[in-house]
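The chain contents come next:
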Amino acid sequence: QATRKQYIKDKLKNGLVLELGTYYYFTRRRHFSVGLSLQFQRFKLPATPMELVEKYDFGDTQLFLEDIQSQLEANSILQNLYDNSILEPVISPIQLGITLGKKFYFKKASRLFLEVEISYQLNVSNTVKIHSDSFIGQILVDSFITPVLEEGSNDSFEGFNLPSLSFRLGYQLGKKTFRKF
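How each quantity is defined
- Residues numbered from 1 in each chain as written.
- Predicted model: local features only at pLDDT ≥ 70, side-chain atom pairs only at ≥ 80, totals over all residues.
- Heavy atoms only, no water.
- Helix = DSSP H or I, 4+ residues; strand = E, 2+ residues; numbered from the N terminus.
- Contact = heavy atoms within 4.5 Å.
- Areas by Shrake-Rupley, 256 points an atom, 1.4 Å probe, with all protein chains shown as cover.
- Buried < 20%, exposed > 50% of the residue type's maximum accessible area, 1.4 Å probe, protein only.
- Lys, Arg positive; Asp, Glu negative; His and termini not counted.
- Salt bridge = Lys/Arg side-chain N within 4 Å of Asp/Glu carboxyl O.
- Core = buried A, V, L, I, M, F, W, Y, C linked by side-chain atoms within 4.5 Å.
- Phe/Tyr/Trp six-rings, centres within 6.5 Å; stacked < 30°, edge-to-face > 60°.
- Lys NZ or Arg CZ within 6 Å of the ring centre and 35° of its normal.
- Polar contact = N/O pair within 3.5 Å; in protein donor to acceptor, adjacent residues only side chain to side chain.
- Pairing = 2+ DSSP bridges.

Novice: Please clarify how the overall build of the protein chain should be interpreted in this entry.
Specialist: Per the secondary structure count, the protein chain includes six helices and five strands. Walking the protein chain from its N terminus toward its C terminus, one meets helices and strands in the order α-β-β-α-α-α-α-β-β-α-β. Expressed as a percentage of contacts within the protein chain between residues at least 6 apart in sequence, the contacts between residues at least 24 apart total 75%. Here the protein chain displays about 11700 Å² of accessible surface, and carbon together with sulfur accounts for 57% of that area.

Now the structure itself:
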């Protein structure tokens with residue numbers, strides 16, 4: 001699993017993250033907040049089919065490597081695609097975030113504050129989409145690459161639950177922090 005995570009970190013490309021969330025600020029609890037967010041990620045993991053199967057480290061555990069090797073030995077075109085063509089799988093994990101925060105106001109500058117947040121992102125789901133432009137390449141993708149990536153990505157991203165600590169310096173423009181409705 002550590003090998004997979006390092007491979008993902010090294011190869012990750014063209015990422016996009018969209019996060020939707022809400023926070024509740026407790027007015028009588030000395031500026032504490034609680035937040036819940038949903039994070040949609042999408043990124044590419046460009047590599048040759050050989051790298052995706054062998055360096056992504058699932059071939060031995062899933063018994064794919066023997067099947068792949070026998071298919072490749074029988075077909076030189078497939079072998080060439082396996083060794084040299086570049087595929088760009090699109091991996092889309094969805095994560096749920098839980099956040100606890102506290103604001104600390106400065107005494108000399110009452111509108112200036114430091115907000116400290118502790119959060120934890122839990123992986124909720126993961127999808128993998130991959131396509132090849134050639135017919136033979138798509139057979140390779142459907143037969144070997146997609147099952148390896150789906151199984152491995154789900155395993156890898158289950159372990160990508162991320163704790164974080166963040167600090168934000170802010171300035172309050174209005175005079176009131178909260179209004180009554």
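Novice: Whenever I open this one, the side chain of K102 confuses me. Can you help?
Specialist: With respect to the helices, strands and loops of the structure, K102 is situated in strand β3 (residues 90-105). Although K102 is buried, it makes no salt bridge; E115 carries the closest opposite charge, 10 Å away. Ignoring sequence-local partners within four residues, the contact set of K102 consists of R30, H31, F32, L114, E115 and V116.

Novice: It is not clear to me how the nonpolar core should be interpreted in this structure. Could you clarify?
Specialist: Across soluble globular proteins, nonpolar side chains show a tendency to be buried alongside one another. L52, I130, L140 and I145 are the most contacted members of the largest nonpolar core, which totals 21 residues. Counting residues per element, the ones that place at least two in this core are α1 (2-11), α2 (49-55), α4 (64-74), α5 (76-84) and α6 (135-158). In this structure I130 touches L52, L87, P89, Q138, V141, I145, T146 and L149, once residues within four positions along its chain are discounted.

Novice: Just checking my understanding: could you explain the packing of aromatic side chains for this structure?
Specialist: In this description, a pair of aromatic rings is defined by centroid distance and the angle of the planes. Scanning all chains against the criterion turns up three aromatic pairs. A ring pair is formed by Y24 and F26, whose centres lie 4.8 Å apart and whose planes are at 80°; its orientation type is edge-to-face. Among the residues examined, F26 registers a relative accessible area of 29% and is labelled partly exposed. Its end group placed over the ring of F113, K103 keeps NZ or CZ at 4.4 Å from the ring centre.

Novice: In this structure, what is going on with the side chain of E115? I would like to understand it.
Specialist: Along the chain, the position of E115 falls in strand β4 (residues 112-129). At a separation of 3.3 Å, a polar atom in the side chain of E115 contacts the side chain of Y25.

Novice: In this structure, what is going on with the pairing of strand β2 (residues 32-44)? I would like to understand it.
Specialist: Along any regular strand the residues' side chains alternate between the sheet's two faces. Of the two faces of β2, the one lined by S33, G35, S37, Q39, Q41 and F43 is fully buried and the one lined by F32, V34, L36, L38, F40, R42 and K44 carries no buried residue. Two elements, strand β1 (residues 13-26) and β2, share twelve bridges in a ladder whose sense is antiparallel. Counterpart to G21 in the pairing with β2 is S37. Counting the residues that bridge the hairpin from β1 to β2 gives five residues, and of these R30 lies at a positive phi of roughly 55°. Inspection of the sheet shows β2 paired to β3 by eleven bridges, in the antiparallel sense. Within β3, the position partnered with F40 by the bridge is I94.

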